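# Topology and contacts: notes
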Amino acid sequence: MSSLSRVLHPTSIAVIGGGAWCASVIEQAQKFGFQGDIWPVHPKAGQIAGLTAFASLEDLPSAPDVAFVGINRHATIDAISVLSKMNAGGAVCFASGFTEANAEDDQGADLQARLVQAAGEMPILGPNCYGFVNGLNCAAVWPDQHGMQPVDSGVAILTQSSNIAINMTMQRRALPLAFMLTSGNQAQTHQADIASALLDDDRITAIGVHIEGFGNLRKWEALAKKAGDRNVPIIALKMGRSAHAQAATISHTASLAGGDAGAQAFLDRLGIARLDDIPSFLECLKLLHVAGRLDSNGLGSISCSGGEASLAADMAEGRNLHFPPLSQAQKADLRDALGPMVALANPLDYHTYIWRDTQAMTRAWSAMMSPEQAITMAIVDYPHTDASDWECATQAALNCVAQAGRPFAVTATLPELLPQDVAKRLLDGGVVPFAGLHEALAAIEAAVVSKATTAEPVLLPSENDADSVLTEAEAKRALAKFGVCVPQSVVAPSGLAAQVSANLTGPFAVKGVGLAHKSEHAAVRLEVDADVVAEVSADIGTDEVLIEEMAVAGVAELLVGVTRDPAHGFVLTLGAGGVLTEILRDTVSLLIPSSRDAVQEALGKLNCAPMLAGYRGKPAADFEAILDAVEAVQAYVIANASHVSEVEINPLICTPDGAVAVDALIRKAKL
């Protein structure tokens, strides 16, 4: 595929079609101040939107930089073929009825394949795509209203949804939008391709991507690397948290991972922060535009109300944010600015003693700023009756940034109480104008996410019909070959259990063979003495039993599991193990391969992590042995990626001297 440069920064636009949508493209381009050529193309219309129409593409003065193709899906393919042959820069394919319509129309996939073939090396956006608005060069290839204004620099937003794109252009939050782009079906040009092209423009300060599905994972990995090299942050509004857990699962791991764990693990791996709603998404882009990534999760808050101070503290609870205590130097400066009647703390209620005294407010607010705080915010809601009465707050915030040079924000608890003109003035002065306290806290938390830390690509999943489930003994033997420590064991017919187990050292764990969740069938018996093995085996009721030496009591029990996620790779789930796994739901997810350091960091995020470290005087687990076990599981999956679907150890008994897999499951395709 050729470069997207001509498409995204056009000097000529061809508009193919004569309907209202095409007329609107011309009108929107003119209204936005596009200075290049606009060439309507229609075989019969003399004029479209006041411009003389060309009868065919061949009649154009030259190959256009970009064409808006606003005709039916069959004619679109023919037009794309002609544009490609005449070396046009690219095209926006507006027509629908391609793969997005497969459920109702079986022609969609075939037509989309023909469209891509017709394009050849010429880039196309869509189909089923609105196009884009470029606020940097005043270029709109867009068939509807939009709310964008010309900017010298700003953020870019990419979305698969044209309607969401329209709505976001109408934001009134003083967010400078450099680009709004839609990608539609991504038949040829992937979202990551577009984002990568945008990274070549130094005027773009951050990129936000609304993602319905990743598609090509390798393109996203390349994008994350390029963004890291260019130091341009990317954030995501990723859909899919509400997807039901995978339907056909056997392991606890699969039910815990669900459909979204892989997506989140992939974003984490790429260093792309995820927001859950559009307002927070926009506010985070605003923060990144003004201040870039934050260097810590330290937050300072100052307000003239105890209620607002408490609100900030409560709403930050549960987020990756903290309020560093005030230093002695801060306390001295605050005491000098506020006097003796204010209780000094972070968050700070400075009361109203200095309200409307701009210089005193500047001294107090700047005293709250410290290197331990990545950003400091003043909570201010401007009255809609007379916002100018709060000029003291606006000027104090501007003074703080001018004097201290550190990130500072003005945050309205209610989004509607931050006037757009005030927000614009603050932003131009280097102050982050947050519209909404919830949105501010979500944005700050997301801005702390680090860049991608691994250059190793994820292990891509293969398609396979995983219809074979190994017995526990078979699974343990397979994993043991890769270094997983398992107990000594033997599989025996129930009637011969006592004789066959004679060479093992009791007490034993005796388990029924052929059951996925044996504990639910009372088919697991522990601490069985040698003299009752025959009786216990008969009582379990399965044709065969697994008899193994009991593992010693551990410091903790862990789950180590892997599920094949067709969209994201192999999801490695680590969590609290044992029979209560699904009740505790204490898990973290990574993608394979993950480094030893990444696994160790992930384990440290578990609620049960203190038990591994030695809780209340108890000995610590052998962490190196745990990491060895996880590496061994990853090694097994990598070696068997073409046919494995699920792997689970639950529990992994973690002791001060090792880590032993006392139950294991593998689901795979038959070879």
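Residues numbered from 1 in each chain as written. Predicted model: local features only at pLDDT ≥ 70, side-chain atom pairs only at ≥ 80, totals over all residues. Heavy atoms only, no water.

## Looking at the sheet that holds strand β15 (residues 299–303)
- The strand order β16-β15-β17-β18-β19 describes an open sheet built from five strands, whose pairing is parallel. Of all strands in the sheet, those with a lone pairing partner are β16 (348–349) and β19 (432–435), marking the two edges.
- Bridge count between strand β18 (residues 408–412) and β19: four bridges; the pairing is parallel. Its bridge partner being in β19, Val 410 is matched across the sheet by Pro 433.
- Against the sheet, helix α16 (residues 437–447) makes contact with β15, β17 (375–379), β18 and β19, and its axis sits at roughly 125° relative to β19, the strand it touches most. (Pairing = 2+ DSSP bridges. Helix = DSSP H or I, 4+ residues; strand = E, 2+ residues; numbered from the N terminus. Contact = heavy atoms within 4.5 Å. Axes fitted to C-alpha atoms, helices over the stretch in contact; angles between N-to-C directions.)

## Concerning the packing of helix α21 (residues 596–603) against helix α23 (residues 623–639)
- Axis separation between α21 and α23 bottoms out at 10 Å; the angle between their running directions is 120°. Between α21 and α23 lies a crossing of right-handed hand. Together, Arg 596, Val 599, Gln 600 and Leu 603 of α21 and Phe 623, Glu 624, Ile 626, Leu 627, Asp 628, Val 630, Glu 631 and Gln 634 of α23 make up the contact between the two elements.
- For the contact of α21 with α23, the residue count by class is six nonpolar, two polar and four charged. (Left-handed = near helix turned anticlockwise from the far one by under 90°. Nonpolar A, V, L, I, M, F, W, Y, C, P; charged D, E, K, R; others polar.)

## Here's the deal with the confidence of the model for the protein
- Overall, the prediction assigns the protein a mean pLDDT of 91, with 95% of residues at 70 or greater.
- A low-confidence stretch, residues 243–250 (pLDDT under 50), is modelled with 19 contacts involving residues beyond four sequence positions or located in other chains.
- With pLDDT under 50 throughout, residues 252–258 is counted as low confidence; its partners more than four residues away or in other chains account for 30 contacts. (pLDDT = per-residue confidence, 0-100.)

## A few points about the state of the cysteines
- Counted by the stated rule, this structure contains zero disulfides.
- Cys 304 supplies the cysteine sulfur nearest to Cys 392, a cysteine that is in no disulfide, at a spacing of 9.0 Å.
- Under the relative-accessibility criterion, Cys 392 is labelled buried at 5%. (Disulfide = S-S within 2.5 Å. Buried < 20%, exposed > 50% of the residue type's maximum accessible area, 1.4 Å probe, protein only.)

## A closer look at a nonpolar patch on the surface
- A contiguous nonpolar surface patch, about 440 Å² in accessible area, is contributed by Val 579, Leu 580, Ile 583 and Leu 584.
- Mapped onto the elements, Leu 580 comes out in the loop between β26 (569–576) and α20 (581–584). (Patch = residues over 30% accessible without salt bridge, like charges linked within 9 Å, V, L, I, M, F, W, Y side chains within 5 Å. Areas by Shrake-Rupley, 256 points an atom, 1.4 Å probe, with all protein chains shown as cover. Salt bridge = Lys/Arg side-chain N within 4 Å of Asp/Glu carboxyl O.)

## Some words on the side chain of His 643
- Turning to its location among the elements, His 643 is positioned in the loop between α23 and β28 (644–655).
- On the basis of relative accessibility, which here comes to 9%, the residue His 643 falls in the buried class.
- Here the side chain of His 643 touches Ser 642 through a polar contact of 3.0 Å, side chain to side chain.
- Setting aside residues no more than four positions away along its own chain, His 643 makes contact with Ser 462, Asn 464, Lys 668, Ala 669 and Leu 671. (Polar contact = N/O pair within 3.5 Å; in protein donor to acceptor, adjacent residues only side chain to side chain.)

## Focus: the packing of helix α11 (residues 306–316) against α16
- Look at α11 against α16: their axes get within 10 Å of each other, and the N-to-C directions meet at 45°. Classified by the interaxial angle, the pair formed by α11 and α16 is oblique. Where α11 crosses over α16, the handedness of that crossing is right-handed. Mapping the contact onto sequence places Leu 311, Ala 312, Met 315 and Ala 316 in α11 and Leu 437, His 438 and Leu 441 in α16. (Parallel < 35°, antiparallel > 145°, perpendicular 65-115°, else oblique.)

## Considering the pairing of strand β11 (residues 177–182)
- Counting buried positions over the six residues of β11 gives six, a clear majority of the element.
- Looking at chain direction, strand β8 (residues 132–134) and β11 are connected through three bridges and run antiparallel. Pairing of Asn 134 across the sheet is with Phe 179, part of β11.
- Note that the unit made of strand β10 (residues 154–159), helix α5 (residues 162–169) and β11 has a crossover that is right-handed. (Right-handed = clockwise from strand over helix to strand, strands pointing away.)

## Considering the nonpolar core
- Counting residues in hydrophobic clusters, the biggest one holds 106 residues, and the most contacted among them are Phe 179, Leu 198 and Ile 207.
- Per element, the largest residue contribution to this core is eight residues, and it comes from α16.
- The next biggest cluster of nonpolar side chains, apart from the first, holds 44 residues, and it includes Cys 608, Leu 612, Ala 625 and Val 637. (Core = buried A, V, L, I, M, F, W, Y, C linked by side-chain atoms within 4.5 Å.)

## Quick notes on the environment of Ser 5
- By the secondary structure assignment, Ser 5 is in helix α1 (residues 5–8).
- Owing to a relative accessible area of 42%, Ser 5 belongs among the partly exposed residues under this scheme.
- For the pair Ser 5 and Asp 200, spaced 195 residues apart in sequence, the C-alpha to C-alpha distance is 9.2 Å.

## Quick word on the environment of Val 555
- Considering the arrangement of structural elements, one finds Val 555 in the loop between β24 (544–549) and β25 (556–565).
- By relative accessible area, which is 18% here, Val 555 ends up buried.
- The sequence separation of Val 555 and Gly 430 amounts to 125 residues, and the corresponding C-alpha distance is 52 Å.
- Each residue touching Val 555, except ones within four places of it in the same chain, is listed here: Met 611, Leu 612, Pro 619, Ala 620, Ala 621, Cys 654, Thr 655 and Pro 656.

## Quick look at the side chain of Glu 308
- In this structure, Glu 308 sits in helix α11.
- Those residues in contact with Glu 308, other than ones at most four positions away along the chain, are Ser 303, Ile 379 and Asp 381.

## Concerning the pattern of salt bridges
- With the rule as written, the count across this model stands at 23 salt bridges.
- Across the pair Arg 173 and Glu 283 runs a salt bridge whose closest N-O atoms are separated by 2.7 Å. Highlighted residues: Arg 173 in the loop between α5 and β11 and Glu 283 in helix α10 (residues 278–291), separated in sequence by 110 residues. Glu 283 shares its class with Arg 173; the two are buried.
- One salt bridge connects Arg 596 with Asp 628, and the closest N-O pair in it is separated by 2.9 Å. Pair noted here: Arg 596 is in helix α21 and Asp 628 is in helix α23, with a separation of 32 residues, a long-range link.
- Residue class for Arg 596 comes out partly exposed when judged on its relative accessible area of 23%.
- According to the relative accessible area criterion, Asp 628 is partly exposed, its value standing at 40%.
- In this structure, a network of salt bridges that share partners links the residues Glu 472, Lys 476, Lys 511 and Glu 548.

## Some thoughts on unusual backbone geometry
- For the bond running from Asn 346 to Pro 347, omega is 5°, close enough to zero to count as cis.
- Along the chain, Pro 347 turns up in the loop between α12 (328–338) and β16.
- Backbone geometry places Cys 138, a non-glycine residue, at a positive phi of 55°.
- Relative to the assigned elements, Cys 138 resides in the loop between β8 and β9 (139–141).

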